[in-house]
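# Residue-level structure breakdown
Each chain is listed here by its residues.
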Amino acid sequence: MAAEGVLHHKSKSRNRGVSWQKVVERLNALPSFDVNTKSVRDRFNLLAKKYKVKMGKQERATGGGGIEVTEAENLLEELIAMEEDANERADEESRARQIVEDEDKAKAIEMRKRAMESMGETRERLGKKNEEKRRRSGNQSMVFLEKAIETKQKMQEEEKRAREEERRDQQEIQTAFLRQLEVSQQQHAAQSNMTEQHLLQSIAMQQQQQQQQMQQFSAMQNNMMALMEQQRQQSEMILELFKKTNNN
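Right, let's walk through the structure included here. These figures come from a predicted structure and were not determined experimentally.

What counts, and where the lines are drawn
Residues numbered from 1 in each chain as written. Predicted model: local features only at pLDDT ≥ 70, side-chain atom pairs only at ≥ 80, totals over all residues. Heavy atoms only, no water. Helix = DSSP H or I, 4+ residues; strand = E, 2+ residues; numbered from the N terminus. Buried < 20%, exposed > 50% of the residue type's maximum accessible area, 1.4 Å probe, protein only. Contact = heavy atoms within 4.5 Å. Areas by Shrake-Rupley, 256 points an atom, 1.4 Å probe, with all protein chains shown as cover. Salt bridge = Lys/Arg side-chain N within 4 Å of Asp/Glu carboxyl O. Patch = residues over 30% accessible without salt bridge, like charges linked within 9 Å, V, L, I, M, F, W, Y side chains within 5 Å. Lys, Arg positive; Asp, Glu negative; His and termini not counted. Charge placed at Lys NZ, Arg CZ, Asp CG, Glu CD.

## Regarding the overall build of the protein chain
- Looking only at helices and strands, one finds 3 helices and 0 strands in the protein chain.
- For the protein chain, the succession of helices and strands along the chain, N to C, is α-α-α.
- Put simply, the protein chain has 248 residues, and 9% of those count as buried.
- In the protein chain, of all internal contacts separated by at least 6 residues, the share reaching a separation of at least 24 is 44%.
- Here the protein chain displays about 21800 Å² of accessible surface, and carbon together with sulfur accounts for 53% of that area.

Given below as structure tokens:
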């Protein structure tokens, strides 16, 4: 276990956990072992605790001399010493890191304090310069304001003229539209009059044609009546001729 470096690392550290895992793997490689990291770690802690209790009792009983230990207890004592030494080194390293961190923190606070003082002085200096600039720019601001007002007035006048021109343009467009509408209405009325005259002329022509057709029909009827009368007379003459022929 010592060869794996388990007790060379601080208790509960990540490196010690990795070392415990290596010990477990080596133990499980043996035929009679089937353990895990927690069981091995708990077993070692229990043995170390019992050994410390035993040694404490023997030291109190014998006054610190003539204590007999077994080979396993010697090995356990060495492992406990390694663990205590590793914990002491880790504590010293932690204290050293804490001292360095405290010193760095103190330096950072001091640097920040100086920086804040420098910033305060810079702000004060800039504030004075800005105050002087504001006083110098006071008159410039008034001049700028007057120019801005003048520019705004000019823009308003130009907008007013533009609106007047737009209103006149709209009136001209409306007048032109009304004129065009009037001309269109006049043309439509003229076309309507022409259409009405043409219609009257067409009706008159149709009536005239009808009269002519009636006259022609009447003439045809008269001709037919005359022809029928002529035929009747011819028939009577032929009949009279036949009668006279029979009498002779």
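## So, the side chain of T37
- Of note, T37 is situated in helix 2 (residues 37–62).
- With residues up to four places along the chain from it excluded, the contact list for T37 reads W20, Q21 and V24.

## A few points about the pattern of salt bridges
- For the structure shown, the criterion picks out 4 salt bridges.
- Linking K154 and E150 is a salt bridge whose minimum nitrogen-to-oxygen distance equals 3.6 Å. With K154 and E150 both in helix 3 (residues 71–247) and 4 residues apart, the pair spans about one turn of that helix.

## Some words on a negative patch on the surface
- Together, E84, E88, E92 and E93 make up a region of like negative charge exposed at the surface.
- As for its position among the elements, E92 is in helix 3.
- Given the relative accessible area of 47%, E92 is considered partly exposed.

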